[in-house]
Amino acid sequence: IKKVSNLLLNFTVKRIAETFGLIVFLSGVLLFISLFTYSPEDPNFIFPDNVKINNILGFKGSFVSDLFFQSVGLVSFLISFTLIITGMNILRNKEIFLIIENIFFATIYTVFGTLFLSYFYPDDFTLFINGNGGFVGSYLSGTFISSIIKFNEILSYYILIVIILLLFLLSINFHPIKFY
């Protein structure tokens, strides 16, 4: 009975981990689709009056994409890739707690990414209100950090790119040995 109950418990835990991994994966895919089909003319939480929705996921996709773009800007695409790959890793390894580690690294690269985009690429493409770095990046570029960046802009540019890339790779559990 003890052996059967252990097998049943292991089976249940693995299925729960797979279900959770599938949910994280699908959340990342839906986030990517809503971000990719974003249109500034869609109704959102700032301008809810427009009725024509261009986003494939409808009003909810328009709302979520606008929320992500206005808060963290173009770094939102990296967040969706992190969720997609984290979901696949949870499905493959059956470890639910990968999400905690990956969200931690995603939060850190989001901060650096929004700062990078707001300082070096503030031009608005389709993000009319808060720019490429969102309001988080706009806030961070107005703090003492911008004076640190101004000290040596060229070096800061490359350091921020390397930090963002390394943290992104950590957030997707990239291992060069396994990749090779």
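Described below are features of the structure shown in this document. The structure presented is a predicted model; accordingly, all values stated were derived computationally and were not measured.

## Thoughts on the overall build of the protein chain
Right, so step 1: Regarding its fold elements, the protein chain presents eight helices and zero strands.
Right, so step 2: Along the chain direction, N to C, the helices and strands of the protein chain fall in the order α-α-α-α-α-α-α-α.
Right, so step 3: Expressed as a percentage of its 180 residues, the buried residues of the protein chain come to 38%.
Right, so step 4: Long-range contacts, defined here as pairs at least 24 residues apart, represent 68% of the contacts in the protein chain between residues at least 6 apart.
Right, so step 5: Averaging the positions of the 10 positive and the 10 negative side-chain charges in the protein chain gives two centres separated by 23 Å.

## Considerations on the packing of helix H3 (residues 76-93) against helix H7 (residues 153-171)
Right, so step 1: The interhelical angle for the contact between H3 and H7, taken along N-to-C directions, is 30 degrees, at an axis separation of 9 Å. In terms of orientation, H3 lies roughly parallel with respect to H7. In this structure, H3 contributes Leu 78, Phe 81, Thr 82 and Thr 86 to the contact, and H7 contributes Ile 164, Phe 168 and Ser 171.
Right, so step 2: The residue inventory of the contact of H3 with H7, partitioned by class, reads four nonpolar, three polar and no charged.

## Description of the packing of aromatic side chains
The relative placement of two aromatic rings is captured by the distance of their centres and the angle of their planes.
Right, so step 1: Overall, the coordinates contain 15 aromatic pairs when judged by the stated rule.
Right, so step 2: Their ring planes at 90 degrees and their centres at 5.0 Å tell us that Phe 120 and Tyr 157 sit as a pair that is edge-to-face. Here Phe 120 is found in helix H4 (residues 98-120), whereas its partner Tyr 157 is found in helix H7, with 37 residues between them in sequence.
Right, so step 3: Chaining the aromatic ring pairs together yields one cluster made of Phe 32, Phe 36, Tyr 38, Phe 69, Phe 77 and Phe 81.

## A look at helix H5 (residues 134-141)
Right, so step 1: For H5, every residue scored as buried is listed here: Gly 134, Gly 137 and Leu 140. An end-on view of H5 places all buried positions within 80 degrees of arc, on one side of the element.
Right, so step 2: Considering only its buried residues, H5 is in contact with helix H2 (58-72), H4 and helix H6 (144-151).

## Some remarks on the pattern of salt bridges
Right, so step 1: Scanning all chains against the criterion turns up two salt bridges.
Right, so step 2: The closest approach of N and O atoms between Arg 15 and Glu 18, which form a salt bridge, is 2.9 Å. One end of the pair is Arg 15 and the other is Glu 18, both in helix H1 (residues 2-36) and three residues apart, which spans about a single turn.
Right, so step 3: Owing to a relative accessible area of 24%, Glu 18 belongs among the partly exposed residues under this scheme.
Right, so step 4: Among the ionic pairs, Glu 18 bridges to Lys 94, the shortest N-O distance being 3.1 Å. Of this pair, Glu 18 sits in helix H1 while Lys 94 sits in the loop between H3 and H4, and the two are 76 residues apart along the sequence.
Right, so step 5: When salt bridges that share partners are traced, they join Arg 15, Glu 18 and Lys 94 into one network.

Criteria and thresholds
Residues numbered from 1 in each chain as written. Predicted model: local features only at pLDDT ≥ 70, side-chain atom pairs only at ≥ 80, totals over all residues. Heavy atoms only, no water. Helix = DSSP H or I, 4+ residues; strand = E, 2+ residues; numbered from the N terminus. Buried < 20%, exposed > 50% of the residue type's maximum accessible area, 1.4 Å probe, protein only. Contact = heavy atoms within 4.5 Å. Lys, Arg positive; Asp, Glu negative; His and termini not counted. Charge placed at Lys NZ, Arg CZ, Asp CG, Glu CD. Axes fitted to C-alpha atoms, helices over the stretch in contact; angles between N-to-C directions. Parallel < 35°, antiparallel > 145°, perpendicular 65-115°, else oblique. Nonpolar A, V, L, I, M, F, W, Y, C, P; charged D, E, K, R; others polar. Phe/Tyr/Trp six-rings, centres within 6.5 Å; stacked < 30°, edge-to-face > 60°. Arc of directions from axis to C-beta. Salt bridge = Lys/Arg side-chain N within 4 Å of Asp/Glu carboxyl O.

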